[in-house]
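# Structural description and commentary
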Amino acid sequence: LMLGACHGCVQLSLLDRGRHPQAMCMDGTMGGYHAAINRSSTKWVIDLQGGGECASQAGCDSHRGTQYSSSKYFKKCIDLGHFCTDDDTNPKLRYFNRVFLPYCSQDLWTGTRTTNGKDTFGYYFAGHTILEAVLDELDSAGLTNATDIILTGESAGGIGVWPNVDWIAERYPRARVVAAPIAGFYFFAYPYDGPQHTSSGLVDFREAAWPSHYNLWGSFVDKTCAAAIEPWRCVLANNSFPYIQSEAFIVEAQTDKVVLLYHDWIPNQDPNWSKDVQRYFESWHYNMTIALAPSMNVDSKNGVFNPACFIHTKFSASGPFLDGKNYLQAFQEWFFGEGEVKIKLQDSCGILCNPSCAH
């Protein structure tokens, strides 16, 4: 572990096989992390990298020889600049301990399959196990004394925030633990089957497919959710949300580009969308609005940043904006307001109508 300035290279730490023999990437190499430690702070940001998921031999094979299946291809050194914009937009978070976990398990950070065989296509799926091992390592760097822990992630990492956040809150009972998923709040796919529809470019997200995914990965899910409904349903936030006790700040587009194109079979007609596709967008947008309604409620401590954009994870200091704020400014108002400041920002103009969208 190293003391990391806000900008500059933060070295990769690979997990030790002797201490954490099961915390493996898909190919059996060890998982790892980048940690910029500020020993004068008891506040932490833990960021789960995204990068899809796989649930078939062909799908998993397609990740061979990449950082998404093997730590052989991890960058040895990264700039944690995505936590560290300038003082004007990020005056407080830049002093937190900052940890980035590269994603090499293709299981939405839920996997506990630490043996491989024919039933796993020869791969390991140990995303949750890697996360647990990283936390064990960080405990000696001060994580046990944390007063604040922000668990964030984008895309597959954002999906992975939900199954793990209450478990982390239970592990660190003295800390305020919050979820801050970016493009990670999803429901089952009901794909577009109109003219020119495609097929799933990523893993099948239809309801019938999920028991198989859950079993393949040995998914770890929120225990309160698993006690109440079929556990495989709990991988996706729309199903686990009623059971999650940690506060959350949800950053999500009203029309998610990656989910719509690669899970929901939408043809890419951007920007000249057909009437059929626009009707599907309206339905998807409506379902997302319903999904976020409990967090939009004035009585909820959760925050929401939900622009009418056709983007996936393209949220940055330069946009999109809601109420004149980017997502980072909105999050900081919510987080440092300690639940007193209600940040519930959601476009109501229709579909694809926020002029500050990236696309």
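These lines cover the structure that appears in this document, whether it is placed above or below. The shown structure was predicted, so the numbers you read here are calculated from the model rather than taken from an experiment. (Residues numbered from 1 in each chain as written. Predicted model: local features only at pLDDT ≥ 70, side-chain atom pairs only at ≥ 80, totals over all residues. Heavy atoms only, no water.)

Right, let's get into the state of the cysteines. Counted by the stated rule, this structure contains six disulfides. A sulfur-sulfur separation of 0.9 Å characterises the disulfide bridge that pairs cysteine 9 with cysteine 77. Pair noted here: cysteine 9 is in strand S2 (residues 9-14) and cysteine 77 is in strand S5 (residues 77-79), with a separation of 68 residues, a long-range link. At a sulfur-sulfur separation of 2.1 Å, the disulfide partner of cysteine 309 is cysteine 357. Between cysteine 309 and cysteine 357, the disulfide has an S-S torsion of -85° and is therefore left-handed. Of the two residues, cysteine 309 is situated in the loop between strand S11 (303-306) and strand S12 (310-311) and cysteine 357 in the segment after strand S13 (344-346); the sequence distance between them amounts to 48 residues. For the pair formed by cysteine 309 and cysteine 357, the shared burial category is buried. (Disulfide = S-S within 2.5 Å. Helix = DSSP H or I, 4+ residues; strand = E, 2+ residues; numbered from the N terminus. Buried < 20%, exposed > 50% of the residue type's maximum accessible area, 1.4 Å probe, protein only.)

Bringing the pattern of salt bridges into the picture now. Scanning the model with the defined rule gives 12 salt bridges in all. Among the salt bridges present, the one from aspartate 136 reaches arginine 171, with a minimum N-O distance of 2.7 Å. Taken together, the positions of aspartate 136 in helix H2 (residues 127-139) and arginine 171 in helix H3 (residues 156-171) put the pair 35 residues apart, joining distant regions of the chain. A single salt-bridge network, built from bridges that share partners, covers Asp136, Asp139 and Arg171. (Salt bridge = Lys/Arg side-chain N within 4 Å of Asp/Glu carboxyl O.)

Between aspartate 270 and the following residue, proline 271, the backbone shows a cis peptide bond with an omega angle of 5°. Relative to the helices and strands, proline 271 is located in the loop between helix H7 (257-262) and helix H8 (275-296). The omega torsion across glycine 319 and proline 320 is -5°, close enough to zero to call that bond cis. With respect to the helices and strands, proline 320 occurs in the loop between S12 and helix H9 (327-336). Of note, phenylalanine 121 is a non-glycine position whose phi angle comes to about 60°, a positive value. When you line up the elements, phenylalanine 121 lands in the loop between strand S6 (97-101) and H2. By relative accessible area, which is 24% here, phenylalanine 121 ends up partly exposed. Non-glycine residue aspartate 323 carries a positive phi angle of around 60°.

No statement about biological role is implied by the geometric values presented.
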